[in-house]
Structure formats: structure tokens, C-alpha cells
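# Structural features, examined
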Amino acid sequence: MPRLFDRQLLQPDPPSLYDFLQTAVYTDGDSPNALRLRRLLSNPAAVRRARQVRPGGTGWSVHEIQDARVIAAEAVHHRVQRTPAPALFTRLRHRCVLPQDEATFIEAQKLRSMGPLSSFGWFVTRWPDADGHVLQAALATEWGRGKLFSPLAVLHLALDGQGHYQRQHGTDGPAIEIALPEDPQQPGLLPSILEPVLHGLMVTTATLLATLAVLNADPHLTRTVPDQAQSTAHARRYGRSLVPYCKIPATAPSLAEVVDVREEDA
């Protein structure tokens, strides 16, 4: 079965504004912003217009991302969603989250609890600086079936010499700098749309950091080679074989050290 990374390499159609608004409503709960968007989406004319608006940004260049190590992190994401954020970041602040590879793609697909957002992934790179390293992660998103918008946001995070992230003042959470895409023809439009969506997707940032912590604790994951028949069929249709990936198992001991694991997860 193709992973999100495989679909990123194909760069299909982007999502519509309607997809973004739906996810903002779903993830913001009963916030004033969600209530305002619910009123907007109750207007048939506004819904028709939102379905027609499609921001640019269908993906990165293949050359930029094709050599990344692909990590399937569904087990991490599932448990991150069930771990209170304060407890999670209290554990993560003491763990190394420095990526081991020059380029890594951490993804989770077949989501059930994030509205129209069906998959997400982080394209992660890092480089040294005077204090340790800088981690850069760009958020890839898939809405419904095959509608991609990447990058939805790019974050930067400073790491010290031990690979620990710098904390936001007064908390155990990371001090993150976030950049959103901008359309020079309509300044401010994309950030105004994407900022509330990104706020509802902050759990994806926790999944990113928890996955990096697990990878540092247990770096020797089994490499999964896609089914040969499926890969051949994919190559025949799209001109590219399916990419091998590593999957973090639900039973990984390092996973239980980072996030909450209940008996039914074992």
C-alpha cells in the first residue's frame, strides 16, 4: 500500500479552502473561532466559494525529498493523542530529539480523529550551529483521498549539544518558531486561513518530537519493503516504485517510556 511519502512524490491536486475550514472547526472544538466558522459553513454560497478556492503548494520537488528515510509513526501518534501534553513534554524535555539522518520523513496516515485530515508527515532536516543543532521540520498534509498541501507550515527548533530542545519560557514545551506560506498576490490570506488550522494540529508537533525521541532510544528498526506486485503496479502507473520504510511497532519498549500505553495497546 502506498505511504503518504509515495503520494508526496506524485504531487497531486491540493485541497480546497473548504477542507481547511472543516478541519479548523473539527479541531478547535467550541472555541469562538470554531463557532464563527460553523456559521460561515452554514451559508450555502460560502460553501460553494470555499470549495472552489485551492491554495497553491502541492508538494516539494522530488529531488528535495526523495532520499529521506521514511518512518511510519501511527503507533506513536495514537498514543500521543492519549497522553496529556504536560506529562508528555515533561518526559520529552530530557530526551534527545536530534534526527539521526540528514533527511527524515515521519508520517502517520489513516487518521480517524482529525476531521478531513487523513494523513500528515514531517520532512525533517538538521544542521549544526554554535549551541548544538537547528532542527527544521516542514508539515505535509493530506485531506480526504489524495489532496495534498505541503508544506502547510515550517518550524525551527533549537537543540543543545545533547539534542534536547530549548524550552518555551515557563513550560516544558518546546520553543518553536513557525513560518506559514504566503501568497504575494493576496498578503495575509493564507496565514489567516492556516493559523487556526495549525493550532488544531499541534498534536502533530508532539508526534514529531516523540517519534524522534523513540528513534534515538531504539534506532535499529526493521526496514519494510513494499509488496513487489503493488510496487510494480505503482511503477507502471506512475513511473516510480513504492519506497521502503521503517515502522515503529506498538510494542517498542522505548515508546512506553515516552508516551502513555494502556493495557489494550499492548
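Refer to the preceding data block for the structure.
Read on for an overview of the structure. (Residues numbered from 1 in each chain as written. Predicted model: local features only at pLDDT ≥ 70, side-chain atom pairs only at ≥ 80, totals over all residues. Heavy atoms only, no water.)

### Overview of the packing of aromatic side chains
Counted according to the given criterion, the structure contains 1 aromatic pair. The aromatic ring of Tyr245 is capped on one face by Arg3, whose charged end is 5.1 Å from the ring centroid. The ring of Tyr18 is capped by Arg51, whose NZ or CZ atom sits 4.0 Å from the centre of that ring. (Phe/Tyr/Trp six-rings, centres within 6.5 Å; stacked < 30°, edge-to-face > 60°. Lys NZ or Arg CZ within 6 Å of the ring centre and 35° of its normal.)

### Quick notes on the nonpolar core
Ranked by size, the top nonpolar core spans 56 residues in total, and within it Leu92 and Leu152 carry the most contacts. Per-element accounting of this core gives the leading share, 8 residues, to helix 9 (residues 202–217). (Core = buried A, V, L, I, M, F, W, Y, C linked by side-chain atoms within 4.5 Å. Buried < 20%, exposed > 50% of the residue type's maximum accessible area, 1.4 Å probe, protein only. Helix = DSSP H or I, 4+ residues; strand = E, 2+ residues; numbered from the N terminus.)

### Quick notes on the pattern of salt bridges
By the definition in use, this model includes 8 salt bridges. When the shortest N-O distance is used, the salt bridge between Glu74 and Arg3 registers 2.5 Å. Of this pair, Glu74 sits in helix 6 (residues 74–80) while Arg3 sits in the segment before helix 1 (4–10), and the two are 71 residues apart along the sequence. With respect to class, Glu74 is no different from Arg3; both count as buried. Salt-bridge contacts for Glu142 lead to Arg7; the nearest nitrogen and oxygen are separated by 2.8 Å. Note that Glu142 is positioned in strand 4 (residues 132–143) and Arg7 in helix 1, a separation of 135 residues in sequence. For the pair Glu142 and Arg7, a shared accessibility class is recorded, and that class is buried. (Salt bridge = Lys/Arg side-chain N within 4 Å of Asp/Glu carboxyl O.)

### A few points about the pairing of strand 3 (residues 117–129)
Across the 13 residues of strand 3, 10 count as buried, placing the element largely inside the fold. As defined by bridge partners, strand 3 adjoins strand 4 across 12 bridges and the pair is classed as antiparallel. Across the sheet, the residue bridging to Leu117 is Trp143, located in strand 4. Counting the residues that bridge the hairpin from strand 3 to strand 4 gives 2 residues. (Pairing = 2+ DSSP bridges.)

The values are spatial; any link to function lies outside them.
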